Each structure stands twice: as structure tokens, then as C-alpha cells.
Amino acid sequence: QVQLVESGGGLVQPGGSLRLSCSSSRTLWSIYSMGWYRQVPGKKRELVADITISENINESDSTKGRFIISRDNDKDMVYLQMNSLKPEDTAVYYCYARPSAFSNSDFWGQGTLVTVSS
């Protein structure tokens, strides 16, 4: 019911910055939580950050203080501003949507690759 399209991935040097964007086919005014996960080969998909419609934020300890999640409900967009990037941040980043606080049903984007390397 929700289509998500990520953009903004690419190659960046350590210490650099990158901004990921996610466009939702459903109005964000009706989506409880939007967020970002990431995954590398051999590891499970892990939470980076998510943000509720009331702007409560959950963050990974590994990216807290470096990454900033935000949502624009008027534009149906969610963003991940990534600063002070490290090689270990290299992963496929996935946008997700959780329409209701009372359900674990999530919708996922196709992913965008972020590579941090000199």
C-alpha cells in the first residue's frame, strides 16, 4: 500500500557528508513512523534511525550524533543527513514506513548504496 523510493546514495570519502531522501506514495500525515535501516553482506538489517509523526526519534548508538533523521509531512519525504562518515557506514540503506503504532507491518524501499572510501 506504500511505495518508497530512496535516492542520494553514492561514493563519499571518510569524514564527508551525504544526504539520503525517501519519497512516499502515501501522505506522511497518515504514517506513524518513518525511518532508515542499513544492511551489509553477512549481517542482518539494522536500524539507523526512525521518527514518528510526533517527531520522537530512535537512533542507533553507532550513528547517534553523526546522522540526523527528519521528515517533511507536507512533501511526503523523509531524509537522513549523514555527517562524519566512516568506512563502516558503508551499506545499502533502506527507507521504511510503519503506518500504525499498533502494528509491526512495515513497507520498504528498494535501497540505495552508500560507499565510504578514500
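Residues numbered from 1 in each chain as written. Predicted model: local features only at pLDDT ≥ 70, side-chain atom pairs only at ≥ 80, totals over all residues. Heavy atoms only, no water.

Trainee: I'd like a rundown of the sheet that holds strand E7 (residues 67-72), residues and numbers included.
Mentor: Strand order in the open sheet formed by 4 strands is E1-E3-E8-E7, and the pairing between neighbours is antiparallel. Lying at the two open borders of the sheet, with one neighbouring strand each, are strand E1 (4-7) and E7. The sheet shows a mean angle of 15° between the axes of neighbouring strands, taken without regard to direction. The sheet contact formed by E1 and strand E3 (residues 18-24) spans 4 bridges and is antiparallel. Its bridge partner being in E3, Val5 is matched across the sheet by Ser23. (Pairing = 2+ DSSP bridges. Helix = DSSP H or I, 4+ residues; strand = E, 2+ residues; numbered from the N terminus. Axes fitted to C-alpha atoms, helices over the stretch in contact; angles between N-to-C directions.)

Trainee: Describe the packing of aromatic side chains, with residues and values.
Mentor: Enumeration according to the criterion identifies 3 aromatic pairs in this entry. Summarising the aromatic geometry, the rings of Tyr96 and Trp108 are spaced 5.6 Å apart at their centres and angled 40° between planes, so their arrangement reads as tilted. Taken together, the residues Tyr96 in strand E9 (residues 91-98) and Trp108 in strand E10 (residues 107-108) connect sequence positions 12 residues apart. Tyr96 sits in the buried class, given a relative accessible area of 1%. (Phe/Tyr/Trp six-rings, centres within 6.5 Å; stacked < 30°, edge-to-face > 60°. Buried < 20%, exposed > 50% of the residue type's maximum accessible area, 1.4 Å probe, protein only.)

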